[in-house]
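Working through the structure, step by step
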Amino acid sequence: MLFEELSKKGTEFLGVKYPIISGGMTWISDFELVRAVAENGAFPVLAGGNMPPEIFEQEVDRCIDNLDKPFAVNLITISPNYRAQYEILLNKKVPFVVFAGSFPRKADIQGMKKSGKKTMSFASEGSIAGQQIRFGIDALILEGSEAGGHIGHVSLMVLLQQVLFNYDQVPIFVAGGIASGKMIAHLLLMGAAGCQLGTAFVMSEECTAHANFKKAFAKAHARQAISTPQYDSRLPVVAVRGIRNQGTEEFGRLQLELLKKLEAGILSREQAQYEVENFWVGALRRAVVDGDVDAGSLMAGQSVGLVRDVLPMKSIIENLVNEARAELAVVRDRLT
Ligand SMILES: Cc1cc2nc3c(=O)[nH]c(=O)nc-3n(C[C@H](O)[C@H](O)[C@H](O)COP(=O)(O)O)c2cc1C
């Protein structure tokens with residue numbers, strides 16, 4: 001009962017049974033993963049990544065035609081195909097959009113809202129949360145730096161105090177480092193509308209990522225999921241968290257090479273940043289699709305140290321919910 005009460009804000013907003021979001025993951029969150037999450041009562045997000053417009057439209061249509069449950073489409077505002085994907089999505093009957101990459105402009109949020117969609121975006125610090133709320137965003141995702149993929153600099157522990165405890169205008173979902181129902185229970189008690197998980201859902205049978213990718217996750221320790229450094233402020237790069245491998249080293253070499261080209265005037269800063277993002281899309285594909293877990297990118301959160309087994313999606317979600325319920329009962333006993 002307590003779990004249902006605490007989940008209400010999130011489940012009413014998302015229109016699903018449990019306030020658990022499977023975060024959009026480029027190359028990973030395809031129709032198969034979306035369907036598995038939707039069928040088991042949680043909220044799925046289809047990844048737009050940098051998909052060419054025609055493929056993007058096909059994937060979106062596949063979800064519209066085959067799902068009778070709510071889902072979101074993830075748009076990466078810094079991806080070269082963003083504008084084309086945005087225009088396609090505008091005219092589709094999709095209930096939710098999640099803006100990722102950087103912070104969506106007011107016009108982009110308002111445009112999606114006018115087309116009947118609920119909008120969500122990431123807040124990586126307090127001032128951004130305030131700005132996105134002023135822009136009309138319907139819900140926020142607070143993602144701590146322990147998360148996998150492209151990340152901000154602030155840990156979830158600090159974001160909770162900075163944003164979750166200070167903003168109540170919109171539902172706030174939290175992400176980064178979550179892989180247990182116990183943690184979900186405590187975050188709901190803190191006022192979160194729900195939780196978004198990424199790494200944990202890679203370890204589902206339904207996830208179409210290469211078996212080598214999942215094996216690497218099963219073996220990895222939390223400390224191996226490191227974030228990439230930025231070598232020089234002349235080439236600002238968004239940090240990416242993943243399991244350390246040759247691909248990580250290769251990214252270091254790429255940065256040095258691009259810096260040299262910047263210095264020599266062969267490339268502009270924007271061109272160099274474009275090369276960086278191109279590198280990540282390609283490297284992630286190499287690991288997720290081709291199974292090259294040495295040279296490809298093994299994007300993963302520190303929560304990779306908390307997941308060991310590949311399980312059916314049904315079990316993953318049931319385990320999370322049962323554990324959350326049990327933990328809330330323990331907390332209630334502690335308080336009475
Ligand atoms: C392999 C991988 C790819 C990701 N790609 C995206 C993406 O395309 N768009 C996005 O908004 N978030 C992306 N993320 C972040 C997830 O949606 C989610 O917020 C994050 O994984 C939560 O942290 P956790 O991994 O500790 O659960 C990605 C994460 C991983 C692990």
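Residues numbered from 1 in each chain as written. Predicted model: local features only at pLDDT ≥ 70, side-chain atom pairs only at ≥ 80, totals over all residues.

What follows is about the site of the ligand. Every one of the 27 residues lining the ligand counts as a neighbour, but Gly23, Gly148, Gly149, Gly198 and Gly301 are closest to it. Each residue belonging to the shell around the ligand can be placed in one class, and the counts come to 12 nonpolar, 14 polar and 1 charged. A domain-level breakdown of the shell around the ligand finds at least three residues from each of domain 1 (2-209 + 306-335) and domain 2 (220-302). (Near = placed C-beta within 6 Å. Nonpolar A, V, L, I, M, F, W, Y, C, P; charged D, E, K, R; others polar. Domains from an automatic or database assignment.)

So, about the sheet that holds strand S4 (residues 96-100). With parallel pairing, the 8 strands of this closed barrel are ordered in space as S1-S2-S3-S4-S5-S6-S8-S9. For this sheet, the mean angle separating the axes of adjacent strands, direction not counted, is 25°. (Pairing = 2+ DSSP bridges. Helix = DSSP H or I, 4+ residues; strand = E, 2+ residues; numbered from the N terminus. Axes fitted to C-alpha atoms, helices over the stretch in contact; angles between N-to-C directions.)

Take the domain arrangement of the protein next. Annotation of the protein at the domain level lists domain 1 (2-209 + 306-335) and domain 2 (220-302). Once you take the C-alpha centre of each, domain 1 and domain 2 turn out to be 24 Å apart. In the side of domain 1 that touches domain 2, the residues fall into 6 nonpolar, 11 polar and 1 charged.

Counting residues in each nonpolar core, the largest one holds 102 residues, and the members touching the most others are Val97, Leu142, Phe173, Val174 and Cys195. In terms of residue count, the dominant contributor to this core is helix H13 (residues 313-335) (7 residues). Two domains each donate at least three residues to this core, and these are domain 1 (2-209 + 306-335) and domain 2 (220-302). With near-sequence residues (within four places) excluded, Leu142 lies in contact with Ala123, Leu156, Leu159, Val163, Leu164, Ile172, Val174 and Ala175. (Core = buried A, V, L, I, M, F, W, Y, C linked by C-beta atoms within 7 Å. Buried ≥ 20, exposed ≤ 12 C-beta atoms within 10 Å, placed from the backbone. Contact = placed C-beta atoms within 7 Å.)

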